[in-house]
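# Survey of secondary and tertiary structure
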Amino acid sequence: MHLLGIWMLIAALQLVALGGEAERPLSRELGSLPCTRCFTQQEYVIEVDQELAKGQPVFNVSFVDCGRGKVWFQIGDSSDFRVSEDGAIYTLHRLSLVGSGKAVAVVYARDPQSKQVWKTRVHLRVGPHGNSAGPEQVKPGDATLTQRVPEILFPWRSVVVRGDGTLRRVKRDWVIPPINVPENSRGQFPEDLVRIRSDRDNNRMLRYSVTGPGADQPPTSIFIINPISGQLSVTKPLDREHISNFHLRAHAVDLNGNQVENPIDIVINVIDQNDNRPEFTHTIFNGSVPEGSKPGSFVMTVTSVDKDDPKTFNGMLRYKILSQNPQSPSSNMFTINNKTGDIITVAAGLDREKVTQYTLIIQATDMEGNPTYGLSNTATTVVRITDVNDNPPEFTTDTFFGEVHENRVNVIVANLTVTDKDQPHTSAWSAVYRIIAGDPTGRFSIPTDHTTNEGLLTVVKPIDFELTRSFMLTVEAENEVPLARGIHLPRQSTATVSVRILDVNESPEFSPNPKSIKLEEGLPAGSLLTTFTAQDPDRFLRQNVRYSKMYDPANWLEIDPVNGRISTIAILDRESPYVKNNLYNVTFMASDNGIPPASGTGTLQMYLLDINDNAPHVSPPEVEMCEKPDPNAINITASDPDLTPNAGPFAFELANRPLDVRRNWTLSRVNGEYAQLRLRIGSLASGIYEVPIKITDSGNLPMSNTSYLRVKVCQCDHHGDCVDMERIIAAGLGTGAIIAILICIIILLVLVLLFVMWMKRRDKERQAKQLLIDPEDDVRDNILKYDEEGGGEEDQDYDLSQLQQPDALEPECVKVGIRRMDERPLHHDHQYPLRSAAPHPGDIGDFIHEGLKAADNDPTAPPYDSLLVFDYEGSGSDAGSLSSLHSSSSCGDQDYDYLGDWGPRFRKLADLYGGGDD
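Aromatic ring pairs are reported here in terms of the distance separating the ring centres and the angle at which the planes meet. On inspection of all chains with the given rule, the structure shows 18 aromatic pairs. Between Phe395 and Phe400 the ring centres are 5.9 Å apart and the planes differ by 65°, which places this aromatic pair in the edge-to-face class. Take Phe395 and Phe400: they sit in the same class, and that class is buried. Relative to Phe588, the ring of Phe532 lies with its centre 6.4 Å away and its plane at 85°, an arrangement referred to as edge-to-face. With Phe532 in the loop between strand 42 (528-531) and strand 43 (534-535) and Phe588 in strand 47 (residues 583-592), this residue pair connects regions lying 56 residues apart in the sequence. Taking the ring centre of Tyr607 as reference, the NZ or CZ of Lys518 above it sits at 5.4 Å.

Attention shifts here to the sheet that holds strand 28 (residues 342-345). Strand order in the open sheet made by the three strands is 24-28-27, with antiparallel pairing throughout. Each having just a single partner strand, strand 24 (298-301) and strand 27 (334-336) make up the two edges of the open sheet. When strand polarity is set aside, the average angle formed by the axes of neighbouring strands in this sheet is 25°. Where strand 24 lies against strand 28, three bridges are found, and the strand directions are antiparallel. Residue pairing across strands places Thr301 opposite Asp342, the latter belonging to strand 28.

This part takes up helix 6 (residues 844-856). For helix 6, with 13 residues, the first-to-last C-alpha span of 18 Å sits near the 18 Å given by 1.5 Å per residue. Taken as a whole, helix 6 has its buried residues at Ile844, Phe847, Ile848, Gly851, Leu852 and Ala855. All buried residues of helix 6 project into a common sector of 140° when viewed along the axis, lining one side.

On to the sheet that holds strand 36 (residues 444-445). Taken together, the three strands give an open sheet; going across it, the order is 33-37-36, and neighbouring strands pair in antiparallel fashion. Strand pairing shows two members of the sheet lacking a second neighbour, strand 33 (411-416) and strand 36, which therefore form its edges.

Moving on, we come to the pattern of salt bridges. Counted by the stated rule, this structure contains 20 salt bridges. Two residues, Asp111 and Arg37, come together in a salt bridge whose shortest N-O distance is 2.7 Å. Here Arg37 lies in the loop between helix 1 (3-23) and strand 1 (38-39) and Asp111 lies in the loop between strand 10 (102-110) and strand 11 (117-126), a separation of 74 residues in the sequence. By relative accessible area, Asp111 is classed as buried at 6%. With a relative accessible area of 8%, Arg37 lands in the buried category. Taking the shortest distance from any N to any O, the salt bridge between Glu622 and Lys712 comes out at 3.5 Å. Of this pair, Glu622 sits in strand 50 (residues 622-626) while Lys712 sits in strand 56 (residues 704-714), and the two are 90 residues apart along the sequence. Here Glu622 falls in the partly exposed class, since its relative accessible area comes to 39%. Several salt bridges converge on common partners, so that one network encompasses Glu622, Glu690, Arg710 and Lys712.

What counts as what
- Along each chain, residues carry numbers from 1 onward, in the same order as the chain's sequence is written.
- Local features are withheld for residues below a pLDDT of 70 in this predicted model, meaning they are given only at 70 or higher, and side-chain atom pairs are given and counted only at 80 or more; totals for whole chains, interfaces and linings count all residues.
- Side-chain figures throughout are based on the complete set of non-hydrogen atoms in the structure, without hydrogens or water.
- Two rings belonging to Phe, Tyr or Trp (six-membered ring only in the last case) form a pair when the distance between their centres is within 6.5 Å. Interplanar angles under 30 degrees mark stacking, angles over 60 mark edge-to-face geometry, and anything in between is tilted.
- The rule is simple: take the accessible area with a 1.4 Å probe, protein chains only, and divide by the maximum for that residue type; under 20% is buried, over 50% is exposed, in between is partly exposed.
- Note on conventions: DSSP H or I runs of at least 4 residues are helices, E runs of at least 2 residues are strands, and numbering of each starts at the N terminus.
- For a lysine, the NZ atom is tested; for an arginine, the CZ atom; a charge sits over a ring if that atom is within 6 Å of the ring centre and within 35 degrees of the ring normal.
- When DSSP finds at least two bridges between two strands, those strands are taken to pair.
- Only the contacting stretch of a helix is used when fitting its axis, a line to C-alpha atoms as for every element, and angles between N-to-C directions run 0 to 180 degrees.
- To estimate how far a helix should reach, multiply one less than its number of residues by 1.5 Å.
- Read the arc as the range of directions from the helix axis to the C-beta atoms.
- The term salt bridge refers to a pairing of a side-chain nitrogen on Lys or Arg with a carboxyl oxygen on Asp or Glu at a separation within 4 Å.

Here you go:
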């Protein structure tokens, strides 16, 4: 049956329902007819080919859900078909209708909430000549069914009762089933989909249009409608992966643009085709599994995605392992969950030491893995076998040997080598060495070289050859982490180390060291103090020990080189600066006669007891006092290097002489440490006074001493402080001495000033003398004075380029006034201070101009006009003589009037060259 008949049947059923409704008692309350949830048809008849392939779509059933939620589709008792969530019917296997010529499929729709069930039948029959007829033909390889274009009517009107008892038709909305359009259609475009029509176009002309995305909104012009016939068409192939559905609205208006029907919603679903291969999320997947893992251990998960609809077979993926490399110890060490992509182990025997990694080729296929219709893709999976500690370390030999000198520490005795098959530089490979026997005192340790994994047997405590000459150690090697379950240490993990101790000549040792003694200071030279001897550890060798003194800062002691007896060579003094806290340290050395000789040192600590051998002194040794002191008392004390009881308390008294001491001063005792010195008279003249004070200590044999207190009496300011000048006077300088010092300083400054003035005057006279010297007396033209023998002007390195070269002048200017190079000057030149050289050697005019400027600005020049005479350049000069300047008989074509502008010094030249006929 054609779909056009289906849609007309729906309309007829609605009309029958309308008529039945009208015949019911009018007392019943009428309103809009309710929407009924049902299949659009109770039975479908479809013409198909005789042969149907597996998974081939056959037909789509439509269900009106009235907006109350989706229903679940289910095929009845049939093993030939299945139905998808959107009502598409597919074959489960290859189906042949040859002979029977037909097949029936019962489709149920069930509401998951109310449990209500609806049913429809789909009849398949073979078309004429074995082909499906008309537009209902199912194209082989297509994913959907192309149907004859159905017709959609705008919502029809139901009957209601007015208040006066008459009937009235009102509009009622109803849900239009979605239109399914396959993607990637290869048909001719535009391709008709459905015809939209209003029942009012029988008596008037209407215009139809559609709006929405795909029509007049982006993407535009995908769907078009014939405004006269209402034919809705698609203009290009659709892509579900780009847009899966379109929501359009159909409109019907009259020729004036007035709306004659309410817009209806049209949903166009794009039916998926299997046009996308599965794509793995990674080209190479990396995973790992510990070696020795049991079967069923999880390794990793591979993931693939398919852009096709995951709710259809097109997007349902299945995984499988295509290959495994290497195929050791089995070709099927792993398996994969075909739905989730989880890879697990299925066989035992994973051993990293044999196979470090496996490479798996994984295939993902859609259509639930159907190799015929499904599309596939592959990816590579690398499974790395991680190491576990299943191989214990084993020594390369049963016995190791080593030797070390006695008394040496932090010395490597032997290198212990092991082998471990586990992955290098991991905790399962790194060895830890332990001494389990032969070293009860802990004189050895075995750290690990983390690069080579060797054990370094090291001495950590000194070993005495005289006590132990060899060791036999038992060593065990383990890994940093425990061995895997079921693995035990073999015999090769234990070894023996034989260590031989070598004898060396050891230093003699003092005992005790340091040695402490107590004695009183003041012992005389030659007193025997003690005996300080050393023992030679090499007791098996008969060696002699000799003693000597190394450090004795005060040079108080000596030691007998044979027996070590120590005696004094000077008086011991506790108050010596070398004694700290009553202790005096002396270092001695003991040497044997071994080969090579060895020596050791010992320290003697002497604790010196104090005796009363020092008299007290007044402190401070000098004080200051004003001429009229107020108060006139000075507190003094005593200092005694001795210790209590040989020091304070002290007894203070003034000496009897000189007699004026007791007349001017009085001394009173404050306590055992302090006394107070007072002035008996009202004032004293400024000066320095020495007051003798006798102080006696409290020793068993008291000692007395008369020391002088230096009292500086000075003039004081209102604060009671001495004035500075008075301090100088108090220091011993009188007023006359100060005045004499000042006069000496002034005389010295005057002499320096006179000497400077004389030197300047002498320089001026010397310069004036050079200008006034008689040319006849100037012999500098004939005699050149040198500091060394030989040589002449021709030997001097002169810069002759300062003068203009003769050959650079015009010929007519050169032949007059030029003398030979070896001639003496015709006139004696005067000696002037040297001028600056011309900046440009080729221009003599600039050179003369610079000399003129220097002469005008020279403060030492004489106050009269004179010629500037330049020094004689000597014989052999490349430059011409300046005597040409005196001639006016040549170079007449030159203008010398500018010489008059050069000042009075060049007046003579101006007269010679610029004077005209005169």
